[in-house]
Amino acid sequence: MEIVDWIVMGGTLSFIVLYGIWKTRNVNSVRSYLMGDKDLPWWTIGLSIMATQASAITFLSTPGQAYEEGMQFAQFYFGLPIAMVLLAIFVLPIYYKLNIYTAYEYLESRFDLRTRSLTAVLFLLHRGLAAGITIYAPAIILSSILGWPLRSTVFLIGFLVIFYTVAGGTKAVSVTQKQQMIIILSGMIVAGVILVLQFPEGVRFSDAVGVAGKMGKLKVVDFSFNLNNRYTFWSGMLGGTFLFLSYFGADQSQVQRYLSGKSLTESRLGLLFNGILKVPMQFLVLFVGILVFIFFQFQKPPVHFNQANLDKVEGTVYESGLQALDAEYDVVFNQRQEVITGMIGAIRNDDEAAIGNAQNQLTGLNEQEKKIRQEVDELILTVDPDAKTKDTDYVFLTFVMNYLPVGLVGLLLAVIFSAAMSSTSSELNALATTTVIDIYRRSAVKDKTDKHYLNASRGFTILWGGIALFFALTADLFENLIQAVNIIGSLFYGAILGVFVVAFFMKKVKGRAVFFATLITEAIILGLFYLDHLKIIKLAYLWLNPIGCGLVMLFGFILYRLGVDKGKEPHGA
Amino acid sequence: MNEPEPLDAQEDRPPIFKTWNQMYLFVLVLHALIISLFYLFTQAYS
C-alpha cells in the first residue's frame, strides 16, 4: 500500500471520528447519550438506518458471493420494503406514543416485566455475537494486507471502535453515519467504474455482461419454491419480510436510529427511504462483484484468493506442488480466455449454437478449475490443518489491493472501515442502551442519578465491546461471514418477532402465555438448527424466522386457551 | 434520571402524496417494478 493510500484512508477515517467527537462534546446526560437530541430529519434517519445495516461484511462478502454464486442473494432483501411499510403503519405510531428508549419497554406495558427482560436478553445474546463478527470482518482485511496476526488486529480494531462509541454515544453514531454512507456509496460506484474501464480493449460493457449472463451469474430472480434453496423469490418475500420486521422493529440497533427522528413523520419517511433504496443498493454491490468476476475472466486471478494461505505453503516441501497447480491453472485460464473471446463473437452475432458450444466448453473448464482450486485447498490444509480455505471474502479485497489506482485503494479501505465503524458503533450503543434501560435501571440498580446512569451507559458500552472482542477472537469462519451474521440472527429473530406480533395483534394473549411460548419456541428453533447442522433435516436458515414467529403465536394461543394466563389482568397496548 | 419528554405524535401529511396510504402504495408499487426489472434482467441474460 502506497503512502498516498495511507493518507487517504487515515485522513478520511480521522475526519469522521474527530467530527463525531467534536459534534458530541456537549453530551452530558443519559437522554442525549442514548437517544440523541431527537432532531434528525428523514434523510439522515434513512442513511443512518442503511449505514447501521451495511457493515464491513456487506462490502467484503457480498461481491465475493456474486463472484462465486451470482446475483441470487439480492432476493434476500425482497421482503425489506414490505417490512418498512408494515413498521411505518403499525409499529412506529405505538413507539412514538409510548415515548420509549427501547423496543422492549413496550413489552412491559403490554405483557409484563418478565417478557420484556427475556426479549431484551435474547436481543443481547444475538446482537452481542453479531457485533463480534462485525469486528472480525475488517480484522481480516488488515491482517491480510499488513501481515499482522489476526488476533492482534481484532484487538486493535475493537479498541478503536469501542473508544469512538464510548466517547460519542448515539448522537456520534448518527452524525457520523451520514459521512460514512456518502463515502461508502461513492467508493463502490468508483470501484464499479474503474472495473469497467479496466476491461480489455475491444470488450464492450454489453459483451462482458452478456458473458456473465451466459455463465449463469446474472440470475437475480428465482421463482422456484424449494425450502432447501437458500435464496429464492419466496424465501426473500416471506422469510425476508419476517427477518426484516424483526430486525427493524425489534432490534434496538435499528429502533434507536429511527427513534431519534424529530417527529413521527420524519421517522416514517426515514424507514420508507430505506425501503426504496436498500434493494437497488444491494443490487449495485452484487453487480460490483459481477464486474470483478468479469474482470478476472480477462486478468488471471490467483489460484487462491487468500494470499496469507498461499504464503503458508511457500518454503515448504509442498511449494513445488503449488507451482505445478498454478501452471495447470494458467493453462485452464488461457483456454478459458479463448472460449470467452469466441463467446463474445457468438453473442454479437446472436449465434445460439456457438454460444451453447462455448457454454459447454466453459462448464468443462470450470470443473477443471474447481478441481485445481480444491487441490490447492488440500495443500494448504496439509500445511496448516486449521486453515480456513474458503476464500470468497478475499475476492473483492484482492481486486482492490492489486488493481485499483493509488489513492483509490485508500478510499476503498476507508469504505470498508467506515462500514465497520458505523454498524459496530450502532450495535455497541444499542447493547449498552438495552442493558441499562431494560435490565440495569429497571431491575438491578434503581433510582440513581442521571450521572450514574450516564457512567453506567459508558461502562456497559466498554463491557459489550469486550464481549464482542471475545467472540471476534473465537468465531469460526464456518461458511461465509455475511451468512454467519444472518444465521445467528435467524436463530433469535423469529421468536423476538413472534413476541412483538402477539403484542400488536393478539390482544387476548398475556404475559405468562407469551413468556413460556417464547421459551418453548427458542428450544425448538435451536433443535431444528442442530438437526439441519447434523444433516438429519434440510432447512434453509431464513425459514427459521417465520417458523419462530409462527410458533410463538401458536404456543401463545394454545397456552392462552389452556388458561395459563387465567387471573391475569389485561394490559392495554 | 430524567424521563424523556413526550413527543409530538401528531400525524402530518407526507410530502408529495395526500395520504400516507398513497405513500405506502407508491413504495410497494416501486418495489414491484424493481423486481419486475430484475426478472426482465434475468430473462435477458439467461
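Computed from a predicted model, the values in this text were never measured in an experiment.

Thresholds, definitions, all that
- Residues numbered from 1 in each chain as written.
- Chains lettered and ligands numbered in written order.
- Predicted model: local features only at pLDDT ≥ 70, side-chain atom pairs only at ≥ 80, totals over all residues.
- Heavy atoms only, no water.
- Contact = heavy atoms within 4.5 Å.
- Buried area = accessible area lost by both parts, 1.4 Å probe.
- Salt bridge = Lys/Arg side-chain N within 4 Å of Asp/Glu carboxyl O.
- Polar contact = N/O pair within 3.5 Å; in protein donor to acceptor, adjacent residues only side chain to side chain.
- Domains from an automatic or database assignment.
- Helix = DSSP H or I, 4+ residues; strand = E, 2+ residues; numbered from the N terminus.
- Nonpolar A, V, L, I, M, F, W, Y, C, P; charged D, E, K, R; others polar.

A.B. asks: Which residues make up the interface of chain A and chain B, and what are the values?
C.D. replies: Listed as interface residues are 40 residues of chain A and, on the opposing side, 30 residues of chain B. At the boundary of chain A with chain B, total buried surface from both sides reaches about 3,200 Å², with 74% on carbon and sulfur atoms. Along the contact surface separating chain A from chain B lie zero salt bridges. Linking chain A to chain B there are four residue pairs in polar contact (both at pLDDT 80 or more).

A.B. asks: Give me the lowdown on the domain arrangement of chain A, citing residues and values where you can.
C.D. replies: All names here are of chain A. According to the domain assignment, chain A consists of domain 1 (3-297 + 399-444 + 452-561) and domain 2 (307-387). The distance between the C-alpha centroids of domain 1 and domain 2 comes to 35 Å. Every contact between the two is made by 10 residues of domain 1 and, on the other side, 12 residues of domain 2. A buried area of about 1,100 Å², summed over both sides, lies between domain 1 and domain 2, and 59% of it is on carbon and sulfur atoms. When the buried surface of domain 1 facing domain 2 is broken down by residue, Val211, Lys214 and Gln297 rank first, second and third, together holding 51% of it. Inspection of the domain 1/domain 2 interface yields one salt bridge. Where domain 1 packs against domain 2, one counts four residue pairs in polar contact (both at pLDDT 80 or more). Elements that contribute at least two residues to the side of domain 1 that touches domain 2 include exactly helix H9 (205-214) and helix H12 (264-298). Considering every element that reaches the side of domain 1 that touches domain 2, the biggest residue donor is H9, with four residues. Looking at the side of domain 1 that touches domain 2, its residues break down into four nonpolar, three polar and three charged.

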